[in-house]
Amino acid sequence: MSKSVLLTIARQSIEEVLQAERSINRETLLQEYPILNQPMATEITLYLNNKIRGNSKSESPQRSLLDDIIHNAKIAAFQDENFDPLVTSEYLHTAIELTLFSAEGPLSHKSDPILKDQ
């Protein structure tokens, strides 16, 4: 499974809230990528203009990888106590960093914003 699949899940999790509709097909993802059903802790950090705009981290692997990414993406975007909830205009310029806490150690991947500043 590629890092882009994981980052896409994080991005779609935020979009589900902004668009008020479900877009993540959990059954298909779990069939295609069985590892998403394994317990794993994650951290999602959002960046706007290279500054942290939201963060959520699991302390231990209590949920499946899929559920943990979805949970932490939504918490980072809309419930981080240090920030107001993310709005669409900010989201379009937000980069997402996903860190997986595996037995081999932390693995981190970062996406580019949908719209890059000129």
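Residue positions are counted from 1 within each chain, in the order its sequence is given. Per-residue local features of the predicted model are confined to residues with pLDDT of at least 70, and side-chain atom pairs are confined, for both listing and counting, to 80 or more; whole-chain, interface and lining totals are unaffected and use all residues. Where side-chain values are given, they derive from all heavy atoms of the structure, hydrogens and water being excluded.

J.: What should I look at first to understand helix α1 (residues 3-19) in this one?
T.: Structurally, the α-helix is built with 3.6 residues per turn, so residues lying three or four positions apart point the same way. Between the first and last C-alpha of α1 there are 24 Å, a value that for 17 residues agrees with the 24 Å anticipated at 1.5 Å per step. Only DSSP runs of H or I reaching four residues or more are called helices, and only runs of E reaching two or more are called strands; each is numbered from the N terminus. Just downstream of α1, A20 is the residue with a positive phi angle, here 55 degrees. Here the expected length of a helix is defined as 1.5 Å per residue gap, with one fewer gap than residues.

J.: I keep staring at helix α3 (residues 65-78) and nothing clicks. Help me out?
T.: Between its terminal C-alpha atoms α3 stretches 20 Å, which fits the 20 Å expected from 14 residues at 1.5 Å a residue. Most of α3 is tucked away: 10 of the 14 residues are buried. To sort residues, take the accessible area from a 1.4 Å probe on protein chains only and compare it with the maximum for the residue type: under 20% means buried, over 50% means exposed, and anything in between is partly exposed. The complete set of buried residues in α3 reads L65, L66, D68, I69, I70, N72, A73, A76, A77 and F78. Here a residue-residue contact requires only that any non-hydrogen atoms of the pair lie within 4.5 Å. Where the residues of α3 are buried, they touch α1, α2 (26-32), β1 (41-48), β2 (51-57) and β3 (94-102).

J.: Teacher, can you tell me more about the packing of aromatic side chains here?
T.: What characterises a pair of aromatic rings is the spacing of the ring centres plus the angle enclosed by the ring planes. Pairing of aromatic side chains requires ring centres within 6.5 Å, counting the rings of Phe and Tyr and the six-membered ring of Trp. Pairs whose planes differ by under 30 degrees are stacked, by over 60 edge-to-face, and all others tilted. Going through the model one piece at a time under the given rule, you end up with zero aromatic pairs. Should the NZ of a Lys or the CZ of an Arg lie within 6 Å of a ring centre and within 35 degrees of the ring normal, that charge is described as sitting over the ring. The cationic tip of K110 hangs over the ring face of Y47; the distance from NZ or CZ to the ring centre is 3.9 Å.

J.: Please explain the packing of α1 against α3 as it appears in this structure.
T.: Two packed helices can be described by the angle between their axes and the distance between those axes. The axes used here are C-alpha line fits, helices contributing only the stretch in contact, and every angle between their N-to-C directions lies in the interval 0 to 180 degrees. Following both chains from N to C, one finds α1 and α3 inclined at 50 degrees, their axes separated by 8 Å at the closest point. If you check the angle between α1 and α3, you find them oblique. Crossing geometry of α1 relative to α3 is assigned as right-handed. Where α1 approaches α3, its residues L6, I9, A10, S13, I14, E16, V17 and L18 are matched on the opposing element by L65, L66, I69, I70, A73, K74, A77 and F78. Along the lines of polarity and charge, the residues of the contact of α1 with α3 split into 13 nonpolar, one polar and two charged. For classification purposes, angles smaller than 35 degrees are called roughly parallel, those larger than 145 roughly antiparallel, those between 65 and 115 roughly perpendicular, and all remaining angles oblique. Crossings are classed by handedness, with left-handed meaning an anticlockwise turn of the near helix from the far one by less than a right angle and right-handed meaning a clockwise turn. Three categories are distinguished: nonpolar for Ala, Val, Leu, Ile, Met, Phe, Trp, Tyr, Cys and Pro, charged for Asp, Glu, Lys and Arg, and polar for the others, with Gly belonging to the last.

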